[in-house]
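Summary of structural features
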Amino acid sequence: MSWTATVVTLFPEMFPGPLGQSLAGRGLEQGLWRCETRDLRPYGLGRHNAVDDTPFGGGAGMVMRPDVIDAALNDAKRADGAPCVYMTPRGRPLSQTDVRRYAAGPGVTVLCGRYEGVDERVLEAHEIEEVSIGDYVLSGGETAALVLLDACVRLLPGVMGSADSGVEESFSDGLLEYPHYTRPAEWNGRAAPDVLLSGNHAAIAKWRREQSERVTRERRPDLWAARSADSSATGRETP
Ligand code: SAM
């Protein structure tokens, strides 16, 4: 059975969306991964299939009902032990480490919220992992789910063109990636670094390493500090 994403959503037509294009789309066509959706609406209650209700304690907006979400999740959950993830700005920030873990398993079941989000009790009852794609608020979990799935799918065997492309990229070793250059060697008065045209592989590797470290230090002091702390704890060479 290929890696399978099961998306629980009020908007199943949003999937696979952009993931039906390019490398992920080709992977989908080739059966390297599968994208299933479970529409929440038929689980809704009453004449209008309501999935939401007013929040206890008052306040703006609506909350997705636990009984409705529970019924959909029970049908969506799989026997293969795939983790169940709720996309929410209150969740743990999604990292490349999470992505690698999800991609290495049988797939993932993703719950997409709408309105003010989901009743807390159903998240507890299903022991759902809560994951955020960043410190901003989207109108719904579907675009966040697409981000999560894109990051996973590109790591699946056979999806990316070159087996090497995932090895040296940003976060693979706790650093951001070095800058890239291609033809022409000089463009609008700006020359590509000589070392990259030198053919000296050791010098190129050294330059790229230094650039990765510089960019990480300048742009992401949080990553740089975490890496330094990790190096001291493990006795690894300090960056
Ligand atoms: N009231 C919620 C709060 O302040 O945390 C925001 C709800 S948001 C309008 C509706 C849905 O969008 C959420 O239930 C969640 O599924 C999704 N969402 C919004 N921002 C997100 C983010 N940064 N990461 C992941 N999912 C997000």
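Predicted model only: the values in this text are computed from it and were never measured.

Cut-offs used in this document
- Every residue gets a number counted from 1 within its own chain, in the order that chain's sequence is written.
- This being a predicted model, a pLDDT of at least 70 is required before a residue's local features are given, and a value of 80 or more before pairs of side-chain atoms are given or counted; all residues contribute to the totals for chains, interfaces and linings.
- Helix numbers and strand numbers start at the N terminus; a helix is a DSSP run of H or I with at least 4 residues, a strand a run of E with at least 2.
- Under the convention used throughout, the expected extent of a helix is 1.5 Å for every residue step, that is, one less than its residue count.
- Put simply, a residue is buried when 20 or more other C-beta atoms lie within 10 Å of its own C-beta and exposed when 12 or fewer do; between those, it is partly exposed, and each C-beta is set from the backbone.
- A molecule or strand has a residue near it when that residue's C-beta atom, placed from backbone coordinates, lies within 6 Å of it.
- Polarity classes work like this: nonpolar for Ala, Val, Leu, Ile, Met, Phe, Trp, Tyr, Cys and Pro, charged for Asp, Glu, Lys and Arg, and polar for all others, with Gly in that last group.
- UniProt positions are given in the numbering used here, feature names are shortened, and annotations may be inferred rather than shown by experiment.
- Any residue pair is listed as a contact if its two C-beta atoms, each placed from the backbone, are within 7 Å.
- What pLDDT conveys is the predictor's confidence in a given residue, as a value from 0 to 100.
- Paired strands are those between which DSSP finds at least two bridges.
- Angular values range over 0 to 180 degrees, each being the angle between N-to-C directions of two axes fitted as lines to C-alpha atoms, with helices fitted over their stretch in contact.

Brief notes about helix α5 (residues 141–153)
The terminal C-alpha atoms of α5 lie 18 Å apart, and with 13 residues this matches the ideal 18 Å at 1.5 Å per residue to within 8%. Listed in full, the buried residues belonging to α5 are G141, E142, A144, A145, L146, L148, L149, C152 and V153.

Examining the site of the ligand
Residues in contact with the ligand amount to 19 residues; listed here are only the nearest, M87, G113, L138, G141 and A144. Counting only elements with at least two residues in the shell around the ligand, the list comes to β5 (84–93) and α5. Per element, the largest residue contribution to the shell around the ligand is four residues, and it comes from β5. Residue classes in the shell around the ligand are distributed as eight nonpolar, eight polar and three charged.

Some thoughts on unusual backbone geometry
F15 connects to P16 through a cis peptide bond whose omega is 0°. The residue after R183, namely P184, is reached through a cis peptide bond having omega 0°. Along the chain, P184 turns up in the loop between α5 and β8 (186–187). Of note in the backbone geometry, S22 takes a positive phi value of approximately 55° without being a glycine. Mapping S22 onto the fold places it in helix α1 (residues 22–29). Among the residues examined, S22 registers 11 C-beta atoms within 10 Å and is labelled exposed. Even without being glycine, N49 reaches a positive phi, approximately 50°.

Looking at the UniProt feature "binding site: S-adenosyl-L-methionine" (unreviewed entry) in the protein chain
The sites that carry the UniProt feature "binding site: S-adenosyl-L-methionine" (unreviewed entry) are, in the present numbering, G113, I133, G134, D135, Y136, V137 and L138. Judged by the 20 C-beta atoms lying within 10 Å of it, I133 falls in the buried class. When residues no more than four places from it in sequence are discounted, the contact partners of I133 are L94, A144, V147 and L148. Along the chain, D135 turns up in the loop between β7 (129–132) and α5. D135 gets classed as exposed once you count the C-beta atoms within 10 Å, which come to 7.

Digging into the confidence of the model for the protein chain
In this model, the protein chain carries an average pLDDT of 94, and 95% of its residues clear a pLDDT of 70 or more. Per the prediction output, this complex has pTM 0.94; the corresponding ipTM is 0.99.

Things to note about the sheet that holds β5
If you trace the five strands from one edge of the open sheet to the other, you get β2-β1-β6-β5-β7, paired in parallel fashion. The open sheet terminates on both sides in strands that have one partner only, identified here as β2 (33–39) and β7. Across this sheet, the average inter-strand angle for adjacent strands is 35°, counted without regard to direction. Sheet analysis places strand β1 (residues 3–9) next to strand β6 (residues 107–112), joined by five bridges and oriented parallel. When the bridges of β6 are listed, V8 appears paired with L111. Across the sheet, helix α2 (residues 66–76) touches β1, β2, β5 and β6, and the angle it forms with β1 is around 165°. Of the strands in this sheet, β1, β2, β5, β6 and β7 touch α5, which is tilted by about 165° from β6.

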